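A look at the structure
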Amino acid sequence: MATTYEVVLYGASGYTGKLTAWKLAERGIPFIAAGRSKERLEEELAKVPELAGHDYQCVAVQHETGALTEFFKGKKVVINIVGPFMQLGSPVVEASLAAGCNYFDTTGETDWMSLLKRTYGESFAARGLALCPGNSYMWAEGNLAAEIALETPGIDTLDVLYLGDSEVSVASTMSFLRMCTQPQFYLRNKQLVQWPWATPYQVHVPGEHMLLNALPWSGGGEPVWYQDDPRVRNCQTLVSFRNQERFLAVVGLLKKFEEECRHLDPAKQEEVTNEWGKAVTQVEPPRENPDVNRCTLSCQGRGNTNSVSVILRGNSPYAQTGVLGAEAARRVLRGQLHAVGFVSPAQAFGARNLVAAQAEEGYLAYEVKSV
Ligand SMILES: NC(=O)c1ccc[n+]([C@@H]2O[C@H](COP(=O)([O-])OP(=O)(O)OC[C@H]3O[C@@H](n4cnc5c(N)ncnc54)[C@H](OP(=O)(O)O)[C@@H]3O)[C@@H](O)[C@H]2O)c1
């Protein structure tokens with residue numbers, strides 16, 4: 001009997017698309033691998049060993065709202081992995097809404113998250129659909145740790161730190177360099193406050209002696225997730241990478257942007273960061289190695305007179321992003337979606353469920369301490 005495909009993996013030919021395909025196959029979920037070229041999709045997905053014998057189809061579709069709407073009709077879940085999302089995401093989210101699909105993406109761009117919340121949140125809610133951007137390592141891990149911190153009564157302040165140590169993909173580099181162009185925010189006393197431009201901070205990663213440089217990295221998704229949350233008064237996110245030489249090169253690009261590009265119009269600014277991104281990263285990285293590509297997420301929560309420390313020690317942030325996409329599909333298909341409209345991954349599926357899914361595959365272990 002022919003399969004009725006309920007899941008579309010859009011942008012399946014890319015680095016993160018192939019990792020998500022792997023994780024969908026492990027869960028036995030049939031899917032359509034979609035993108036702009038059938039040939040390229042077939043060629044790239046043939047490189048994923050776990051897809052041998054799995055039920056999936058490669059289909060080309062035009063990157064345009066009408067064509068995507070027709071294509072998404074009858075499906076339940078769209079996993080969008082085509083970025084930078086502020087440049088390419090609108091037709092996909094509009095088509096998901098029009099076709100009645102739950103929408104998940106892997107964005108790290110906080111202006112895209114805010115745009116979706118503002119523009120489409122209510123429409124998705126009215127149709128009983130989830131609109132969940134940032135269903136990716138950044139900004140799901142901080143969301144999951146924050147929710148565990150918020151289980152402690154009185155916690156109202158979330159101080160989130162990411163430490164990564166992976167190679168990055170081409171579209172990731174273009175996407176994260178967009179942080180040059182946009183104001184970055186943290187939450188202080190329930191108000192969004194802008195971080196100074198192009199300013200690194202020294203951070204202490206729990207369990208390590210050396211200080212590392214960190215950046216707000218577009219502000220982090222957590223201030224967006226918690227902006228209107230009655231439990232949260234303060235929330236800030238910083239991001240560091242183990243390779244500090246390369247990290248400082250990114251800081252250098254931010255400073256260069258301030259000196260040479262801040263005056264340019266928005267479209268030109270995006271052209272510049274795209275050009276820089278393509279120059280910095282030209283090849284797709286290999287799959288992450290858990291022994292090498294480790295990561296740490298620390299969420300220090302505090303209230304008036306108490307505090308809690310939640311630390312996720314793990315590996316392979318890109319593979320974790322694949323797990324999050326595949327888990328979203330699995331849980332929607334099983335009727336385990338907890339909330340609709342603009343939702344964080346934790347609101348959609350429960351923080352402890354998603355932490356457990358990552359832990360089960362060996363991608364993290366977690367520690368919670370009252371401190
Ligand atoms: N926040 C996180 O933790 C996290 C983690 C992983 C990924 N991401 C984000 O996810 C996005 C994709 O990352 P990636 O690692 O998969 O990058 P990638 O390997 O460079 O792949 C990019 C994908 O987008 C497709 N694409 C590019 N331009 C397109 C266009 N104009 N029309 C249709 N498709 C287009 C590519 O298709 P072709 O093969 O046809 O070129 C490819 O499938 C990036 O924005 C990245 O920042 C975020």
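For clarity, every value in this text was computed on a predicted model and none was experimentally measured. (Residues numbered from 1 in each chain as written. Predicted model: local features only at pLDDT ≥ 70, side-chain atom pairs only at ≥ 80, totals over all residues. Heavy atoms only, no water.)

1. Thoughts on the overall build of the protein chain
Within the protein chain, the regular secondary structure consists of 14 helices and 16 strands. Whereas a compact globule of 371 residues would reach a radius of gyration of roughly 21 Å, the protein chain reaches 20 Å, a difference of no more than 12%. Along the first, second and third principal axes, the C-alpha atoms of the protein chain reach 60 × 45 × 40 Å. For the protein chain, with 371 residues in total, the buried portion stands at 58%. Sequence separation of 24 or more characterises 75% of the internal contacts of the protein chain that already satisfy a separation of 6 or more. In the structure as shown, the protein chain presents an accessible area of about 15400 Å², 51% of it carried by carbon and sulfur atoms. Once the 34 positive and 41 negative side-chain charges of the protein chain are each reduced to a mean point, those two points are 3 Å apart. (Helix = DSSP H or I, 4+ residues; strand = E, 2+ residues; numbered from the N terminus. Rg over C-alpha atoms; globule rule 2.2 N^0.38 Å. Buried < 20%, exposed > 50% of the residue type's maximum accessible area, 1.4 Å probe, protein only. Contact = heavy atoms within 4.5 Å. Areas by Shrake-Rupley, 256 points an atom, 1.4 Å probe, with all protein chains shown as cover. Lys, Arg positive; Asp, Glu negative; His and termini not counted. Charge placed at Lys NZ, Arg CZ, Asp CG, Glu CD.)

2. Things to note about the nonpolar core
Counting residues in each nonpolar core, the largest one holds 111 residues, and the members touching the most others are Leu-24, Phe-72, Tyr-103, Leu-158, Trp-217, Tyr-226 and Cys-299. The greatest single-element share of this core, amounting to nine residues, is contributed by helix H7 (residues 137–149). Two domains each donate at least three residues to this core, and these are domain 1 (7–136 + 318–366) and domain 2 (139–315). Aside from chain neighbours lying at most four places away, what touches Cys-299 is Ala-145, Ala-146, Ala-149, Leu-158, Asp-159, Val-160, Val-308, Ser-309 and Val-310. Core analysis: the second largest hydrophobic core is formed by nine residues, Tyr-186, Trp-195, Val-203 and Val-205 among them. (Core = buried A, V, L, I, M, F, W, Y, C linked by side-chain atoms within 4.5 Å. Domains from an automatic or database assignment.)

3. Examining the sheet that holds strand S5 (residues 102–105)
Reading across the sheet, the seven strands line up as S3-S2-S1-S4-S5-S6-S15 and stay open at both edges, with parallel pairing between neighbours. Looking at the sheet topology across the chains shown, the edges are occupied by strand S3 (56–60) and strand S15 (341–342). (Pairing = 2+ DSSP bridges.)

4. As for the pairing of S5
What you see with S5 is no split at all: Asn-102 and Phe-104 on one side and Tyr-103 and Asp-105 on the other are buried throughout. Pairing between strand S4 (residues 77–80) and S5: four bridges, direction parallel. Pairing of Val-77 across the sheet is with Asn-102, part of S5. Pairing between S5 and strand S6 (residues 130–132): two bridges, direction parallel. Considered in S6, the bridge of Phe-104 is made with Cys-132. For the handedness criterion, the β-α-β arrangement of S5, helix H6 (residues 110–126) and S6 is classed as right-handed. (Right-handed = clockwise from strand over helix to strand, strands pointing away.)

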